[in-house]
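# Per-entry structural report
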Amino acid sequence: MEDYHKPDQQTIQVLRNIANRLRINCIKATTAAGNGHPTSCCSVAEIMSVLFFHTMRYRPEDPRHYNNDRFLLSKGHAAPALYAMWVETGFLKENEMFSLCHGDTSHESHTMHVTSPLICFIIQYHKDKVHNQSSFFFQKQHFVEVAHGFLGQGLGVACGMAYTGKYFDKSSYRVFCLMGDGEMSEGSVWEAMSFASYYQLDNLVAILDINRLGQSDTTPLQHHLDKYYKRFEAFGWHAIIIDGHSVEELCKALSQPRHQPTVIIAKTIKGKGIPAAEDKQGWHGKPLPKDMAEMVTKDWQSRITNTNKHLYPSAPIEDSPPVSLRNIRMPSAPSYKAGEKISTRKAYGMALAKLGRYYERVVALDGDTNNLTFSDIFKNEHPNRFVECYVAQQNMVSVAVGCAARDRNLVFASTLASFFTRAHDQLRMAAMSESNVKLCGSHCGLSSGEEGPSLMGLEDFAMFRALPSSTVFYPSDGVTAEKAMDLAASTKGLCYIRTSRQDCPIIYNSNEDFHVGQAKVVYQSKDDQVTVVAAGMMIHEALAAAEQLKKERISIRIIDPFTIKPLDFKTIIDHGRATRGRVLTVEDHYYEGGLGEALSSVMVNEQGFNTQCLAVSHVPRSGKPHELLKIFGIDRDAIAQAVRKLMSSSSNAK
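Think of each chain on its own: its residues are numbered from 1, step by step along the sequence as written. Only residues with pLDDT of 70 or above have their local features reported here, since the model is predicted, and side-chain atom pairs are shown and tallied only from 80 upward, although totals for entire chains, interfaces and linings are computed over all residues. Excluding hydrogens and water, the side-chain figures rest on all heavy atoms present in the structure.

Moving on, we get to empty space enclosed by the protein. Method remark: on a 1 Å grid restricted to protein atoms, a set of points is classed as a cavity if a 1.4 Å probe fits but cannot get out and as a pocket if it is open with protein on both sides within 12 Å along at least five of seven lines; lining residues have an atom within 4 Å of a point. Grid points are joined across faces, edges and corners, and a volume is the space filled by probe spheres set on the points. Scanning the model with the defined rule gives five cavities of 30 Å³ or more in all. Considering only enclosed or pocket space, the largest cavity measures out at about 100 Å³ in volume. Mapped onto the lining of the largest cavity, the elements with two or more residues apiece are strand E1 (70-73) and helix H4 (79-89). The numbering of helices and of strands both runs from the N terminus, where a helix is a DSSP run of H or I of at least 4 residues and a strand a run of E of at least 2.

Our next topic: helix H20 (residues 537-550). Two residues of an α-helix separated by three or four positions point the same way, owing to the 3.6 residues in each turn. Multiplying 1.5 Å by the residue count of a helix minus one yields the expected span of that helix. With 14 residues, H20 ought to run about 20 Å at 1.5 Å a step, and its terminal C-alpha atoms sit 21 Å apart, in line with that. Throughout, exposure labels follow a simple rule: accessible area from a 1.4 Å probe, protein chains only, divided by the maximum for the residue type, with under 20% read as buried, over 50% as exposed, and the rest as partly exposed. Burial analysis of H20 places 11 of its 14 residues in the buried class, which makes it a mostly covered element.

For the rest of this paragraph, the subject is the side chain of Thr 369. Mapped onto the elements, Thr 369 comes out in the loop between strand E7 (362-366) and helix H14 (370-373). Apart from the residues lying within four places of it in its own chain, the contact partners of Thr 369 are Ser 414, Thr 415, Leu 416 and Phe 419. Contacts were defined at the residue level, with two residues in contact if any of their heavy atoms lie within 4.5 Å.

Quick look at the packing of helix H1 (residues 9-33) against helix H3 (residues 45-55) now. Geometrically, a packed helix pair is captured by the angle between its two axes and the distance between the axes. As a packed pair, H1 and H3 sit with axes 8 Å apart at the nearest point and diverge in direction by 125°. The angle between the axes of H1 and H3 places the two elements in the oblique class. Between H1 and H3 the crossing geometry is right-handed. From H1, Leu 15, Ile 18, Ala 19, Leu 22 and Arg 23 reach across to H3, where they touch Ala 45, Glu 46, Met 48, Ser 49, Val 50, Phe 53 and His 54. Classifying every residue of the contact of H1 with H3 by side-chain character gives eight nonpolar, two polar and two charged. Axis lines are fitted to C-alpha atoms, over the contacting stretch for helices. Their N-to-C directions set the angle, which ranges from 0 to 180 degrees. When describing relative orientation, an angle under 35 degrees is termed roughly parallel and one over 145 degrees roughly antiparallel, while 65 to 115 degrees is termed roughly perpendicular and anything else oblique. A clockwise turn of the near helix away from the far one marks a right-handed crossing, whereas an anticlockwise turn of less than a right angle marks a left-handed crossing. In this count, Pro and Cys sit with the nonpolar residues alongside Ala, Val, Leu, Ile, Met, Phe, Trp and Tyr, while Asp, Glu, Lys and Arg are called charged and the others, Gly among them, polar.

This next bit is on the nonpolar core. If you look at the biggest cluster of nonpolar residues, it comprises 79 residues, and the most contacted ones within it are Leu 155, Leu 204, Leu 365 and Phe 464. Among the elements that line this core, the one with the most residues is helix H8 (residues 154-168), at eight residues. Those residues within four positions of Leu 365 in sequence are excluded, and the remaining contacts are Val 387, Cys 389, Met 396, Val 399, Ala 400, Val 411, Phe 412, Ala 413 and Ser 414. Ranked by size, the runner-up nonpolar core spans 48 residues in total, among them Leu 15, Phe 53, Met 85 and Leu 250. What is meant by a nonpolar core is a set of buried Ala, Val, Leu, Ile, Met, Phe, Trp, Tyr and Cys residues, joined one to another through side-chain atoms within 4.5 Å.

For the rest of this paragraph, the subject is the confidence of the model for the protein chain. When pLDDT is averaged along the protein chain, the result is 91; 92% of the residues meet or exceed 70. Confidence of the predictor at the level of single residues is captured by pLDDT, which takes values from 0 to 100. Predicted confidence for residues 101-110 stays below pLDDT 50, and this span has 41 contacts to residues more than four positions away or in other chains.

Once that is clear, we can look at the packing of H3 against helix H11 (residues 247-254). Between H3 and H11, the shortest axis-to-axis distance is 10 Å and the interhelical angle comes to 50°. Regarding the angle of H3 to H11, the classification is oblique. As for how H3 packs across H11, the hand of that crossing is right-handed. For the pair H3 and H11, the contacting residues are Glu 46, Ile 47, Val 50, Leu 51, His 54 and Thr 55 in the first and Val 247, Leu 250, Cys 251 and Leu 254 in the second. The residue inventory of the contact of H3 with H11, partitioned by class, reads seven nonpolar, two polar and one charged.

Our focus in this paragraph is the environment of Asp 69. Relative to the assigned elements, Asp 69 resides in the loop between H3 and E1. Exposure remark for Asp 69: the relative accessible area of 3% places this residue in the buried category. On a C-alpha basis, the gap between Asp 69 and Ala 162 in space is 9.9 Å, while along the polypeptide they are 93 residues apart. Identification of polar contacts relies on pairs of N or O atoms within 3.5 Å, with a donor-acceptor requirement for protein atoms, meaning one able to donate a hydrogen and the other able to accept it, and with residues adjacent in sequence counted only if both atoms are side-chain atoms. Engagement of the side chain of Asp 69 in a polar contact is seen with the backbone nitrogen of Arg 57, the distance being 2.8 Å. One polar contact links Asp 69 to Arg 174, side chain to side chain, over a distance of 2.7 Å.

Stacked, edge-to-face and tilted labels apply to pairs of Phe, Tyr and Trp rings (six-membered ring for Trp) whose centres lie within 6.5 Å, assigned for plane angles under 30 degrees, over 60, and everything in between, in that order. A full pass over the atoms with the stated rule returns 25 aromatic pairs. On the basis of an interplanar angle of 50° and a centroid distance of 4.9 Å, the ring pair of Phe 514 and Phe 562 is categorised as tilted. Highlighted residues: Phe 514 in the loop between strand E13 (503-505) and strand E14 (520-523) and Phe 562 in the loop between strand E16 (556-560) and strand E17 (563-565), separated in sequence by 48 residues. Just as Phe 514 is buried, Phe 562 falls in that class too. Members of the aromatic cluster, joined through ring pairs, are Phe 52, Tyr 58, Phe 71, Tyr 83, Trp 86, Phe 91 and Phe 143. Charge-over-ring placement is defined geometrically: NZ (Lys) or CZ (Arg) within 6 Å of the ring centre, and within 35 degrees of the ring normal. Over the aromatic face of Tyr 173 sits the side chain of Arg 70, whose NZ or CZ is 3.6 Å from the ring centroid.

Along strand E12 (residues 495-498), one buried face is formed by Cys 495 and Ile 497 and the opposite face, lined by Tyr 496 and Arg 498, is buried too. Note on pairing: DSSP must find at least two bridges between two strands before they are called paired. Taken together, the four bridges between strand E10 (residues 438-442) and E12 define a ladder with parallel strand orientation. Its bridge partner lying in E12, Cys 440 is registered against Ile 497. In this sheet, E12 lies alongside strand E11 (residues 471-473) in parallel orientation, the contact comprising three bridges. Each residue of the ladder has a partner; that of Val 472, found in E12, is Tyr 496. Handedness of a crossover: with both strands directed away from the viewer, a clockwise path from the first strand across the helix to the second marks it as right-handed. One crossover worth recording links E11 to the parallel E12 by way of helix H19 (residues 478-490), and it is right-handed.

Strand order in the open sheet made by the five strands is E14-E16-E15-E18-E19, with mixed pairing throughout. Strand pairing shows two members of the sheet lacking a second neighbour, E14 and strand E19 (610-616), which therefore form its edges. Going from strand to strand, the sheet's axes swing by 25° on average, the running direction of each strand aside. Bridge count for strand E18 (residues 582-590) against E19 is six bridges, and the pairing is parallel. Note on E19: the bridge partner recorded for Arg 582 is Asn 610. Across the face of the sheet, helix H22 (residues 595-603) comes into contact with strand E15 (530-534), E18 and E19 while running at roughly 145° to E18.

Strand order across the open sheet formed by seven strands is E8-E7-E9-E10-E12-E11-E17, with mixed pairing between neighbours. Pairing within the sheet leaves two strands with one partner each, and these edge strands are strand E8 (386-388) and E17. Each adjacent strand pair in this sheet contributes to an overall mean axis angle of 20°, direction not counted. Against the sheet, H19 contacts strand E9 (410-416), E10, E11 and E12, and its axis sits at roughly 170° relative to E12.

Shown next as C-alpha cells:
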C-alpha cells in the first residue's frame, strides 16, 4: 500500500460537510417516518463520510460491481446513514430518503436486500394507481449486500466476502464492516473474529462505533477502549484506537498498511450534534419531534462551509475475474446400481465432489464434521475450495452467505442437522437476503441411534420450511441424493438437503427424472387400499411394511415426496382419492412442523379423506436405530398396524 498522505484542509472540510449532511438527512427522514434510529446514525456520520469518499474504491453508479470494495452495515438499524451516503454518491435522489418505512418503498428501517414480496404484489395489483411512482420501488437494494436486522452477523458475512476476495478471486477489493458496540456481546462476533485471524484476512477491516449506549442501558465496556483493544489483539487482529468524529484520524487509520485483519476502535458520541440526546439514555430508536428536528438540522446546516472542491470515490482495481453461475448442473447421471447400499450423507459428499470437478466456483464449507457429512471427499479432491469453519456453525452460515454474495460462488455448507438449530438467526437473515446458499444436514432423525437425542435432527423440517422462499429436499437413496444436489445447484435461493447416517438400498433407476415439487409413486397396484407418504429412511420401512401387508392381501401405495417444500399436494391428493381417502404419513421427525402437518394444512379443505400421521412424539433416547424406530412407533410394524387401523376406521365409519 502507498505511504499515507494526509488530506488537505479543503478535503477535510468537504468530508465534514458530508458527515453533517448525513446527520441532517437522517434526522429529517426518521422524523418524517416517525420511526428509526437517528442517534445511532449521528454517531457514525464521520465514519461513513471517510469510508465512502476517502477510503473505499467503487463505482458509485454500479454498487454491486464485482471489482468494488465491499461494505457491510452490521448495525443495520443505522440504515438511514447508508441511504444518506448513496444520496451523496448520486445513486439515490434525496427525496427518496424521505420514503423511509413507507409501505410502498424498499427503504426499510433496518437494511434489507430486497423489496418485500408483499410490496411487489401490492404494487402489481394496484399498478394502475401507482404506475407513476419511482421505479426504485421495484428494484433490489443494490447497495445492500445482505439483510441486517439482527445484530452480530455482519462480521461473519464480511469474513466470507474477504475469504472469497483473498483465496478464490485473488483480487484487490477490500471488505469493510461497520459494527456497533452493543453487538459485541453476541458470541457470533467472536466466532467471526477467530475465523478472520486464523485465515489471515488482511483485506478485512472492522470499524467499531463505540458510542457507549445500547437499547436500554449502557454497553458492558462503555468507553473503555483499552479493553476492546486487548480483546482484539488477543484474537490476532491489528487494533487501532481513534476519535470516531475526527476526520483526520479516520483517514489515517483507514489508510494504514495491513498484514492481518484490522479493527478500528472509534470512540463516538451517540446522538452527536443533538443537544437533547447527545450521550443520553432513552433516545435509542426514537425519532426527534418535528420542532426539535427543525432546530437541530438548522444548526447543522449552518456548520456546512461552502467549498468549490468535490470528492469522488476512487475507482476500483479491475482485477476480479468475471464469474458465471448459470447452467451449473450435474455433468452425468448417477452411477448407482439397484440394490447397492449407500447412505444419503455419503452420496451427498460424492455428488459434491463430482460437481466440483466440473465447476471451479463450487465451494464447500463444513463445521468440523466433514468426516461425518462426507464433505471430506470434496476436501480431498479440491482442498483450495474447501473452507473449514470448525465448531462455529453460526459463523459458518454467515461465511457461506458472504462467499455466495454477488454470485461469486456456488456454496454448499454441511454439518449435522441438529447443529443448524443454533444458526437459526443466520439462516433466517440468509433467507431474507435471498442468499443462494445450499445447506446439507446429516444425521437426521432416529437413524443417529447411539449418538443420542442431542445429535438427532428432529426439528429441521419445521425450521427450514418456515424460512421464506426455501426449498427442502429429502432424498431416500443415493440416486435421489445426487438428484437433489443437481437441482439445488440450479434452484435459486436457500436450499436444504436432509441426509441420513445409515446405509440404505438404491430404489431408483439412475436415469429417473426428478423435479422440485414433484413426488414419485414408488409402489402401487390397482387394488391399493391406503396411500402411504414417506421419505428418507421411512421409504424403506414403508416398503418393508408393504411386503408384510401383502401376505394379508392388503395393498398399499407408497409416495415419495422428494421435496418437503414445495410439497406435491396434487399427486398425494389424487392418489389418496384412488385409495378411498385413506392417507398415512410417516416421518422420522417430530410431529410439529413436519411432513404430516404440511399435508394436513391442505387436507382440511378436502372432503372424504381420513389422514393419519406417524412421527416422533417426544424426546428420544440412545439406542440401535431399528430399536428406536420400533419404540417410537415409526418402523415397518407400526406402519402396517396404522394401515390396518385406517382401513378399520373407514369401514366402521361406513
